Amino acid sequence: TKILIILADDLGWGNLSEANTPNLLALMRESLVFRNAHAPVSWCSPTRWALMTGREPHLRAHPITNPVQAPLIGRYANTLARSMRSAGYVTGIFGKWHLGGTPLNYGFQTAFWYPSANVALRDPVVLIDQSREINILRGLFLTKIVNRAVKFLAEPGNRFAYVTLPPPHRPFVGSY
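The rules we used
- Residues numbered from 1 in each chain as written.
- Predicted model: local features only at pLDDT ≥ 70, side-chain atom pairs only at ≥ 80, totals over all residues.
- Heavy atoms only, no water.
- Helix = DSSP H or I, 4+ residues; strand = E, 2+ residues; numbered from the N terminus.
- Buried < 20%, exposed > 50% of the residue type's maximum accessible area, 1.4 Å probe, protein only.
- Contact = heavy atoms within 4.5 Å.
- Areas by Shrake-Rupley, 256 points an atom, 1.4 Å probe, with all protein chains shown as cover.
- Patch = residues over 30% accessible without salt bridge, like charges linked within 9 Å, V, L, I, M, F, W, Y side chains within 5 Å.
- Salt bridge = Lys/Arg side-chain N within 4 Å of Asp/Glu carboxyl O.
- pLDDT = per-residue confidence, 0-100.
- Phe/Tyr/Trp six-rings, centres within 6.5 Å; stacked < 30°, edge-to-face > 60°.
- Lys NZ or Arg CZ within 6 Å of the ring centre and 35° of its normal.
- Pairing = 2+ DSSP bridges.
- Axes fitted to C-alpha atoms, helices over the stretch in contact; angles between N-to-C directions.

Colleague: Sorry, what's going on with the overall build of the protein chain here?
Modeller: Summing up its helical and strand segments, the protein chain has five helices and six strands in all. When its helices and strands are written in sequence order, the protein chain yields β-α-α-α-α-β-β-β-β-α-β. Buried positions account for 40% of the 176 residues belonging to the protein chain. Pairs at least 24 apart in sequence give 53% of the contacts found in the protein chain among residues at least 6 apart. Looking at the protein chain as shown, the accessible area adds up to about 10,000 Å², and 54% of this sits on carbon and sulfur atoms.

Colleague: Before we go on, may I ask you to explain a nonpolar patch on the surface in this structure?
Modeller: Taken together, the side chains of L4, I6 and L27 make up a nonpolar region of the molecular surface, amounting to roughly 210 Å² of accessible area. As for its placement among the helices and strands, L4 is situated in strand β1 (residues 2-8).

Colleague: Explain the confidence of the model for the protein chain here, please?
Modeller: The predicted coordinates of low-pLDDT regions are not to be read in fine detail. Per-residue confidence for the protein chain gives a mean pLDDT of 83; residues scoring 70 or more make up 85%. Confidence scores differ between elements of the protein chain, with helix α1 (residues 13-18) showing the lowest mean pLDDT of 61 and helix α4 (residues 80-86) the highest of 97. Across residues 172-176 the pLDDT falls below 50, and counting only partners more than four positions away or on other chains, this stretch makes 18 contacts in the model.

Colleague: Can you walk me through the pattern of salt bridges in this structure?
Modeller: Opposite charge on two side chains permits pairing when their charged atoms draw close. Per the stated rule, a full pass over the model turns up three salt bridges. Where E155 meets R159, a salt bridge forms, and the shortest distance between an N and an O atom there is 3.0 Å. When its relative accessible area of 32% is taken as the criterion, E155 is described as partly exposed. Classification of R159 as buried rests on a relative accessible area of 9%.

Colleague: Which parts of the structure should I look at to understand the packing of aromatic side chains?
Modeller: The description of an aromatic ring pair uses the distance of the two centres, along with the angle that the planes make with each other. By the definition in use, this model includes five aromatic pairs. When the ring of F94 is compared with that of F152, the centres are 5.2 Å apart and the planes differ by 55 degrees; the resulting orientation is tilted. Highlighted residues: F94 in strand β2 (residues 90-96) and F152 in helix α5 (residues 141-154), separated in sequence by 58 residues. What makes F94 buried here is its relative accessible area of 1%. Here F108 and Y162 contribute two aromatic rings whose centre-to-centre distance is 6.0 Å and whose plane-to-plane angle is 15 degrees, an arrangement assigned as stacked. Taken together, the positions of F108 in the loop between β2 and β3 (110-114) and Y162 in strand β6 (residues 159-165) put the pair 54 residues apart, joining distant regions of the chain. Residues F108 and Y162 agree in their burial class; the two are buried. Here R148 stacks its cationic end above the ring of F112, 4.2 Å away from the centre of that ring.

Colleague: Explanation requested: the sheet that holds β3 in the structure shown.
Modeller: Remark on secondary structure: sheet strands pair via backbone hydrogen bonds, oriented parallel or antiparallel. Here we have six strands laid out as an open sheet, ordered β1-β6-β2-β3-β4-β5, and mixed in their pairing. What marks the edges here is a single partner per strand, and that holds for β1 and β5 (132-136). Strand-to-strand twist in this sheet, taken as the mean axis angle between neighbours without regard to direction, amounts to 15 degrees. Pairing of β2 with β6 involves six bridges; the strand directions are parallel. What sits directly across from V90, in β6, is R159. In the packing of α5 onto the sheet, the strands contacted are β1, β2, β3, β4 (125-129), β5 and β6, and the crossing angle to β6 comes to about 170 degrees.

Colleague: Sorry if this is basic, but what is going on with the side chain of R48 here?
Modeller: Position of R48 relative to the elements: it lies in helix α3 (residues 44-53). Among the residues examined, R48 registers a relative accessible area of 0% and is labelled buried. In this structure, R48 is in contact with L7, D9, K96, W97, H98, L99, Y162 and T164, ignoring residues within four places of it in sequence.

Colleague: So what exactly am I meant to see when it comes to the pairing of β5 here?
Modeller: Here is the key point about a regular strand: its side chains alternate between the two faces of the sheet. Here β4 runs beside β5; their pairing, made up of five bridges, is antiparallel. Looking at the pairing, I128 lines up with E133 of β5. Between the end of β4 and the start of β5, which pair antiparallel, lie two residues, with Q130 showing a positive phi angle near 60 degrees.

Right under this line is the structure:
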């Protein structure tokens, strides 16, 4: 079984049919799509925190502020990735983490990621492959992220991929 969650900042459901996204529309036609899922807030980090923890960000003991500095998720907290891993899935994150710390500490076995919102304002873009920094040209970083996720999902076995792309988030950093 393959499970793919795509989280795109500032993207509403209706935006996909208006944009030139034939690959995403084809994927939706072939997949189980949840049309009544909503972000808990209009800011990216609390939404990511809610998805990873299954909790409502406004009930958090300490508010989430910008910029994100320290890890927002407790070291031993249950996360979506840990739950998927304990259910027998190989877990991977591809793209924006923006929760402080490293996703490798929260149940992800494979991580091709970047830590914050403003990743691609200039060349080179610094991505983190597991825990090693690599430089990628700004015009190629989205393609690299998507290709790594596709390769990960193509491998045999139960796979859970969390793909977190910044477009159409501002500052604009690319397109689908």
